[in-house]
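# Overview (structure and organization)
The lines below spell out each chain.
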Amino acid sequence: MSKRLIPLFNRVLVQKIVAPSKTTAGILLPEKSSKLNSGKVVAVGPGLHGKDGKLLPVAVKEGDTVLLPEYGGTEVKLDNKEYFLYRDDDILGTLHD
Amino acid sequence: MSKRLIPLFNRVLVQKIVAPSKTTAGILLPEKSSKLNSGKVVAVGPGLHGKDGKLLPVAVKEGDTVLLPEYGGTEVKLDNKEYFLYRDDDILGTLHD
Amino acid sequence: MSKRLIPLFNRVLVQKIVAPSKTTAGILLPEKSSKLNSGKVVAVGPGLHGKDGKLLPVAVKEGDTVLLPEYGGTEVKLDNKEYFLYRDDDILGTLHD
Amino acid sequence: MSKRLIPLFNRVLVQKIVAPSKTTAGILLPEKSSKLNSGKVVAVGPGLHGKDGKLLPVAVKEGDTVLLPEYGGTEVKLDNKEYFLYRDDDILGTLHD
Amino acid sequence: MSKRLIPLFNRVLVQKIVAPSKTTAGILLPEKSSKLNSGKVVAVGPGLHGKDGKLLPVAVKEGDTVLLPEYGGTEVKLDNKEYFLYRDDDILGTLHD
Amino acid sequence: MSKRLIPLFNRVLVQKIVAPSKTTAGILLPEKSSKLNSGKVVAVGPGLHGKDGKLLPVAVKEGDTVLLPEYGGTEVKLDNKEYFLYRDDDILGTLHD
Amino acid sequence: MSKRLIPLFNRVLVQKIVAPSKTTAGILLPEKSSKLNSGKVVAVGPGLHGKDGKLLPVAVKEGDTVLLPEYGGTEVKLDNKEYFLYRDDDILGTLHD
């Protein structure tokens, strides 16, 4: 039976986007060029209580494409798929086409 | 006489779930594959007072299945059973089938 | 003349419970098995002022049996009896039969 | 398809201004003289919630020319162009002709 | 002319109580037994402003007998008498007969 | 075209005052005597938001002569002139004749 | 022209009191006995904004005699006289005859 994880507090569950090493036309992409450390938001926590006691919701939402920091992130394996958990204030930004 | 522990502040008492090394059909599971560091919440503390003085209840409740961090947790032996105490903001998330 | 200590702020004075090394029937208990690091609360301080300025009373009360952390605690000798002072947020929980 | 990054929280996306090594009249500029570590603001995040819970918008806006600190900044490559992400309180000031 | 010190903020001026090495009947007391690190409060500061801006008076008052921590305290010589200054939240508790 | 810097947050732009090594009458001043580490305030930032969310303006203003700490300060070259950026709470005081 | 320093924030300008090494009757005082690390307050800053945003004035005033900590203090030379700058919460107390 598959497992679903609902993050706690301001954590965000992300599935990394592995950039294709070849273009659709099959041309090999240089190693470094297209590799943005990015991922798809799979689930978000409820957020954190701010200093005034009010709940600050997480800054991203399910389905967002996000730019991830070079380091950090907790690896989580669910049904043999690899995910990463980040605190929302470690995520750099949202990516848009 | 058995002992019951009520955690203080935002602590959570967890009994770890030890994943079966064989499937119900008896097939040996590869060592790493199914081992989520997870546990069942046995008892929770009242929570912590936020910056505005109001009590913030603990983010999980008795009976929840939770995903635990790789490190941390204070081992507690009660009636020869092994439990672990975590602060609620160290717990990564709740697991759902 | 015996001395009485009233702790300050959120400190808690505890007398450790030394678990019997033999059962009532005289059977030697294995070293590690029953040794919960626990104690009886003898006196508590008034508490600490929270961030909103209001006084947060200490989380345990006189007579409670408490589970103590492995480390910490300030040793205090009063009338040749040994006590330990803890800050209330270092105490793990209350023990109940 | 080109990618656009919207920074999170109080982050600012900057494209560095590389000072010309020659004057318009072609005279070679001494290495150190004109090199201000400056850049153009390309995108800003929504800001951070202050201690009173209200949102504090980022201190600079798109199009500003800013003086950057000597160190820090996270390198981000988008469509083969090089950008840098800073927290707004690390940016030293805005430059004006 | 003798000097009087009024401590600032939440500081407390204490004169240490040196326990008698002999009982009134002249019996030598074992070195460690009766030596509580205690003292008499000689003067207290006005207190500290809490997070809500209100003044939190010092937790002890002149004349109190207090239990002192093993370490810390700033030595102050006034008219050849030795005193110690402590912050009130370093003082462990008040002693009562 | 000359550049003008408007500092951000509670930063202050200062031009150091280099004390004359000779008196007006031409007498060589001993090295250490008159050398106050001081400067003229050239520009100030808007200030910082206090804990209550209100903007706390910078504690000095353009034209003030200020006493600078021995260390710290970020060097900034604008139109070949040397300035230093300080956070206002690092500046020791204002100097008056 | 003499210089006057007005400290910033909660800083206090102090001129140290050098205790006489002889009594008025000319008797040499033992080195350590009378040497309180004290000084006269020459000028004070406006104070600091507390957590509630209100200005907390400095805890001492011009003319006070203060007991200084053993370490700390920033040396400032004004018109060849030696002064020291302290933050008010580093000053131990006020001395009174």
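Everything below is about the structure printed above this text.
Summarised in this report is the structure supplied together with it. (Residues numbered from 1 in each chain as written. Chains lettered and ligands numbered in written order. Predicted model: local features only at pLDDT ≥ 70, side-chain atom pairs only at ≥ 80, totals over all residues. Heavy atoms only, no water.)

Within the chain, Phe9 of chain B stands out as a residue other than glycine whose phi angle is a positive 55 degrees. Tracing the chain through its elements places Phe9 of chain B in the loop between β1 (4–7) and β2 (11–16). Here the phi dihedral of Asn80 of chain D falls at roughly 65 degrees; this positive angle occurs in a residue that is not glycine. In this fold, Asn80 of chain D is placed in the loop between β7 (74–78) and β8 (81–87). (Helix = DSSP H or I, 4+ residues; strand = E, 2+ residues; numbered from the N terminus.)

Within a regular strand, the side chains alternate between the two sheet faces. Residue and element names in this part refer to chain E. Pairing analysis gives 4 bridges linking strand β2 (residues 11–16) to strand β8 (residues 81–87), with the strands arranged antiparallel. Looking across to β8, one finds that Val12 is bridged to Tyr86. Here β2 pairs with strand β3 (residues 38–44) via 5 bridges, running antiparallel. The residue of β3 that forms the bridge with Gln15 is Lys40. (Pairing = 2+ DSSP bridges.)

Summarising the element assignment, Leu92 of chain G is placed in the loop between β8 (81–87) and β9 (93–96). If sequence neighbours within four positions are ignored, Leu92 of chain G has contacts with Pro7, Leu8, Arg11, Thr74 and Leu85 of chain E together with Leu67, Leu68 and Pro69 of chain G. (Contact = heavy atoms within 4.5 Å.)

Looking now at the environment of Pro57 of chain C. Residues and elements named next belong to chain C. By the element assignment, Pro57 lies in the loop between β5 (55–56) and β6 (65–67). Residue class for Pro57 comes out exposed when judged on its relative accessible area of 61%. In the structure, Pro57 is positioned 47 residues away from Asn10 in sequence and 7.5 Å away in space, judged by C-alpha atoms. Those residues within four positions of Pro57 in sequence are excluded, and the remaining contacts are Pro46, Gly47 and Asp88. (Buried < 20%, exposed > 50% of the residue type's maximum accessible area, 1.4 Å probe, protein only.)

Attention now goes to the interface of chain A and chain B. Taken residue by residue, the interface counts 21 residues in chain A and 18 residues in chain B. Summed over both sides, the interface of chain A with chain B buries roughly 1700 Å², with 63% coming from carbon and sulfur. For chain A, the biggest contributors to the area lost against chain B are Lys3, Leu8 and Phe9 of chain A; these three give 28% of the whole. Across the pair Asp97 of chain B and Lys3 of chain A runs a salt bridge, and its minimum N-O distance is 3.1 Å. Between chain A and chain B we count 7 residue pairs in polar contact (both at pLDDT 80 or more) in total. Elements with a contribution of two residues or more to the side of chain A that touches chain B: β1 (4–7), β7 (74–78) and β8 (81–87) of chain A. The class makeup of the residues in the side of chain A that touches chain B is 9 nonpolar, 5 polar and 7 charged. In this sheet, strand β9 (residues 93–96) of chain B lies alongside β1 of chain A in antiparallel orientation, the contact comprising 4 bridges. (Buried area = accessible area lost by both parts, 1.4 Å probe. Salt bridge = Lys/Arg side-chain N within 4 Å of Asp/Glu carboxyl O. Polar contact = N/O pair within 3.5 Å; in protein donor to acceptor, adjacent residues only side chain to side chain. Nonpolar A, V, L, I, M, F, W, Y, C, P; charged D, E, K, R; others polar.)

The next point concerns the interface of chain A and chain D. Taken residue by residue, the interface counts 18 residues in chain A and 21 residues in chain D. Regarding the contact of chain A and chain D, the summed buried area is about 1700 Å², with carbon and sulfur atoms giving 63% of it. Where chain A meets chain D, there are 1 salt bridge. Where chain A touches chain D, the interface holds 7 residue pairs in polar contact (both at pLDDT 80 or more). If one sorts the elements of the side of chain A that touches chain D by residue count, strand β9 (residues 93–96) of chain A sits on top with 4 residues. The class makeup of the residues in the side of chain A that touches chain D is 8 nonpolar, 4 polar and 6 charged.

The next point concerns the sheet that holds strand β7 (residues 74–78) of chain B. Read from one edge to the other, the open sheet built from 7 strands follows the order β1(A)-β9(B)-β6(B)-β3(B)-β2(B)-β8(B)-β7(B), with strand pairing classed as antiparallel. Each edge of the open sheet carries a strand with a single partner, namely β1 of chain A together with β7 of chain B. Neighbour-to-neighbour, the strand axes of the sheet open up by a mean angle of 45 degrees, direction not taken into account. Alignment of β7 of chain B against strand β8 (residues 81–87) of chain B, held across 5 bridges, turns out to be antiparallel. Bridge pairing links Lys77 of chain B to Glu82 of chain B in β8 of chain B. (Axes fitted to C-alpha atoms, helices over the stretch in contact; angles between N-to-C directions.)

On to the packing of aromatic side chains. Evaluated as defined, the whole model comprises 0 aromatic pairs over all chains. For Lys16 of chain B, the ring lying beneath its charged end belongs to Phe84 of chain B, and the centroid distance is 4.5 Å. (Phe/Tyr/Trp six-rings, centres within 6.5 Å; stacked < 30°, edge-to-face > 60°. Lys NZ or Arg CZ within 6 Å of the ring centre and 35° of its normal.)

Glancing now at the pairing of strand β3 (residues 38–44) of chain C. In this sheet, β6 of chain C lies alongside β3 of chain C in antiparallel orientation, the contact comprising 3 bridges. The partner of Gly39 of chain C across the bridge, within β6 of chain C, is Val66 of chain C.

The next subject is the relation of the copies chain A and chain B. Laying chain A over chain B is done by rotating through 51 degrees and shifting 0.0 Å along the axis; what remains is an RMSD of 0.0 Å. When the interface residues of chain A are mapped onto chain B, a mere 10% of them again fall at the interface, so the copies present different faces. (Least-squares fit on C-alpha atoms with pLDDT ≥ 70 in both.)

Attention now moves to the sheet that holds strand β9 (residues 93–96) of chain E. Strand order in the open sheet formed by 7 strands is β1(C)-β9(E)-β6(E)-β3(E)-β2(E)-β8(E)-β7(E), with antiparallel pairing between adjacent strands. Two strands lie at the open edges of the sheet, namely β1 (4–7) of chain C together with β7 (74–78) of chain E, each paired on one side alone. For this sheet, the mean inter-axis angle between neighbouring strands, taken without regard to orientation, is 45 degrees.

With that settled, consider the pattern of salt bridges. Residues and elements named next belong to chain F. Overall, the coordinates contain 21 salt bridges over all chains when judged by the stated rule. In this structure, Asp64 and Lys61 form a salt bridge, with 2.8 Å as the shortest nitrogen-oxygen distance. On the basis of relative accessible area, Asp64 is assigned to the buried category, the value being 14%. The exposed category is assigned to Lys61, whose relative accessible area is 51%.

The subject of this paragraph is the relation of the copies chain A and chain D. Once chain A is rotated about the relating axis by 52 degrees and shifted along it by 0.0 Å, it coincides with chain D to within an RMSD of 0.0 Å. When you check the interface residues of chain A against chain D, a mere 11% turn up at the interface there too, and the two sides of the contact use different surfaces.

All names here are of chain B. In this structure, Gly72 sits in the loop between β6 (65–67) and β7. Residue Gly72 is classed as exposed on the basis of its relative accessible area of 58%. With 15 residues separating them in the primary sequence, Gly72 and Arg87 have C-alpha atoms 9.4 Å apart.

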